[in-house]
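Chain and residue survey
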Amino acid sequence: MTDSIGMAIAGVAGRMGQMLARAVMDNPLTHISGATVRPGHDWVGRDLGECLGGGPNGIMVLDDPLEVIAHTHALLDFTSPSATLGNAELAAQARIVHVIGTTGFSTADLKSLSPAARHAVIIRAGNFSLGVNLLTVLTRKVAAALGTDYDIEIIEAHHRHKKDAPSGTALMLGEAAASGRNVSLSDVEDRARDGITGARTAGAIGFHAIRGGSVIGEHDVVFAGDGERLILSHKADDRLLFARGAVKAALWGQDKKPGAYDMIDVLGLD
Ligand code: NAD
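Residues numbered from 1 in each chain as written. Predicted model: local features only at pLDDT ≥ 70, side-chain atom pairs only at ≥ 80, totals over all residues. Heavy atoms only, no water.

**Points about helix α6 (residues 130-146)**
For α6, with 17 residues, the first-to-last C-alpha span of 24 Å sits near the 24 Å given by 1.5 Å per residue. Burial in α6 covers these residues: V132, N133, L135, T136, V137, T139, V142 and A143. Buried residues along α6 sit against β7 (151-158), α7 (168-180), β10 (217-225), β11 (228-236) and α10 (263-267). Looking one or two places after α6, you find G147, whose phi comes out positive at around 70°. (Helix = DSSP H or I, 4+ residues; strand = E, 2+ residues; numbered from the N terminus. Expected span 1.5 Å × (residues − 1). Buried < 20%, exposed > 50% of the residue type's maximum accessible area, 1.4 Å probe, protein only. Contact = heavy atoms within 4.5 Å.)

This is the structure in structure tokens:
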């Protein structure tokens with residue numbers, strides 16, 4: 001266990017938290033060094049292995065992130081924006097790698113993450129799968145090649161419990177399309193059309209969110225031109241995909257300088 005890298009999991013009771021626990025346990029290079037849940041959760045003070053439905057593993061689930069962050073190499077954090085912002089300050093003080101999968105940050109939230117990246121390695125991605133990160137690179141290239149004669153619309157579908165829209169992945173894809181066109185997404189994004197909207201604005205990037213059932217995550221980037229449509233598409237079938245990507249990112253980050261990174265950096269796709 002001496003060379004094994006300790007990974008702490010924030011929000012371990014969540015859909016992604018449980019997948020992260022599995023991915024860390026399955027990886028021969030890593031072990032679970034700690035786990036948190038939100039205060040008041042009924043897993044607080046219990047053995048994590050038993051909470052996950054197996055035998056005891058000696059890791060007590062805590063509601064205090066400070067305790068957990070002080071004794072780990074990396075924190076895997078797929079929780080909520082407010083929890084992640086608090087964790088980022090503690091992770092920066094402890095100089096550990098903070099892998100952030102949480103989505104739904106406001107622009108102000110993202111700004112307040114920047115100081116933490118001066119002290120710690122922060123790897124944040126709206127999606128930790130290889131396929132979506134490749135899709136991001138392709139989206140940027142296609143947007144640059146086709147120009148504004150082709151209207152870009154991003155359509156995403158997720159399960160009924162998802163709290164934010166558009167998804168973090170849809171925003172990543174929107175950023176990629178905007179960067180391919182050398183514009184800022186905030187200047188061209190068009191969200192949630194309703195009513196008499198008038199004709200489509202040339203150069204806009206539209207977003208549409210479907211919510212329902214148990215859909216893990218589907219994203220289409222549509223390039224609609226006169227007489228043809230090119231559609232780049234990704235479908236996630238298993239949340240373990242994101243969890244394995246997050247563990248890979250945490251391992252990659254161990255010898256990196258403090259700074260803000262994403263999954264494209266981890267995968268060396270740029
Ligand atoms: P979820 O609601 O099942 O899990 C979130 C967990 O965080 C909950 O158990 C909640 O109790 C816990 N939590 C909230 N505040 C906390 C705190 N202060 N301390 C400890 N735990 C706290 O949601 P989910 O489906 O697991 O998704 C979690 C986040 O990850 C969402 O933002 C989602 O969009 C994002 N996500 C990202 C990716 C990716 O690849 N980047 C993939 C899937 C989901």
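**A closer look at the packing of aromatic side chains**
Per the counting criterion, the structure on display carries 2 aromatic pairs. A centroid spacing of 5.7 Å and a plane angle of 45° characterise the contact between F78 and F128, whose relative ring orientation is tilted. Pair noted here: F78 is in the loop between β4 (74-77) and α4 (81-94) and F128 is in the loop between β6 (121-124) and α6, with a separation of 50 residues, a long-range link. The class of F78 is buried, set by a relative accessible area of 15%. Judged by its relative accessible area of 2%, F128 falls in the buried class. Ring geometry for W252 and Y261: centres 5.2 Å apart, planes at 80°, overall edge-to-face. Over the ring of F207 we find R191, and its NZ or CZ is 5.9 Å from the ring centre. (Phe/Tyr/Trp six-rings, centres within 6.5 Å; stacked < 30°, edge-to-face > 60°. Lys NZ or Arg CZ within 6 Å of the ring centre and 35° of its normal.)

**Regarding the nonpolar core**
The biggest cluster of nonpolar side chains holds 39 residues, and the ones touching the most others in it are V12, L76, V99 and F128. Within the second largest apolar cluster, 17 residues are counted, among which are A143, I154, A170 and I205. (Core = buried A, V, L, I, M, F, W, Y, C linked by side-chain atoms within 4.5 Å.)

**Digging into the packing of α6 against α7**
α7 packs onto α6 with a crossing angle of 30° between their chain directions and a minimal axis gap of 7 Å. Taken as axis vectors, α6 and α7 run roughly parallel relative to one another. Of the two possible hands of crossing, α6 and α7 adopt the one that is right-handed. Of the residues in α7, those touching α6 at V132, N133, L135, T136, T139, R140, A143 and A144 are T169, M172, L173, A176, A177, S179 and G180. Of the residues belonging to the contact of α6 with α7, the class tally is 8 nonpolar, 6 polar and 1 charged. (Axes fitted to C-alpha atoms, helices over the stretch in contact; angles between N-to-C directions. Parallel < 35°, antiparallel > 145°, perpendicular 65-115°, else oblique. Left-handed = near helix turned anticlockwise from the far one by under 90°. Nonpolar A, V, L, I, M, F, W, Y, C, P; charged D, E, K, R; others polar.)

**Considerations on the site of the ligand**
Taken together, 23 residues lie around the ligand, and R15, M16, G101, T103 and K162 are the ones closest in. In the environment of the ligand, an oxygen atom lies 3.3 Å from a nitrogen or oxygen atom belonging to the backbone of G14. In the environment of the ligand, a nitrogen atom lies 3.0 Å from a nitrogen or oxygen atom belonging to the backbone of A125. In the complex, the protein chains occlude 79% of the 850 Å² of accessible area that the ligand would expose alone. For the shell around the ligand, the per-class residue count stands at 8 nonpolar, 10 polar and 5 charged. Taken together, domain 1 (5-124 + 239-267) and domain 2 (130-236) each give at least three residues to the shell around the ligand, which thus spans both. (Near = heavy atom within 4 Å. Polar contact = N/O pair within 3.5 Å; in protein donor to acceptor, adjacent residues only side chain to side chain. Areas by Shrake-Rupley, 256 points an atom, 1.4 Å probe, with all protein chains shown as cover. Domains from an automatic or database assignment.)

**Re unusual backbone geometry**
In this structure, the amide linkage connecting A165 to the following residue, P166, adopts the cis form with an omega of -10°. With respect to the helices, strands and loops of the structure, P166 is situated in the loop between β7 and α7. Backbone geometry at N182 places phi at a positive 60°, although glycine is not the residue there. The topology assignment puts N182 in the loop between α7 and α8 (185-188). In this structure, A192 takes a positive phi of about 50° despite not being glycine. Assignment of secondary structure puts A192 in the loop between β8 (189-191) and β9 (205-211).

**Notes on the domain arrangement of the protein chain**
Splitting the protein chain by domain gives domain 1 (5-124 + 239-267) and domain 2 (130-236). Between the C-alpha centres of domain 1 and domain 2 the distance comes to 28 Å. Taken together, the contact between domain 1 and domain 2 spans 9 residues of the former and 11 residues of the latter. Buried surface at the junction of domain 1 and domain 2, both sides included, amounts to about 860 Å², of which 66% is carbon and sulfur. Where domain 1 packs against domain 2, one counts 2 residue pairs in polar contact (both at pLDDT 80 or more). Only α9 (240-252) and α10 provide two or more residues apiece to the side of domain 1 that touches domain 2. The element best represented in the side of domain 1 that touches domain 2 is α10, accounting for 3 residues. Grouping the constituent residues of the side of domain 1 that touches domain 2 by class yields 5 nonpolar, 2 polar and 2 charged. (Buried area = accessible area lost by both parts, 1.4 Å probe.)

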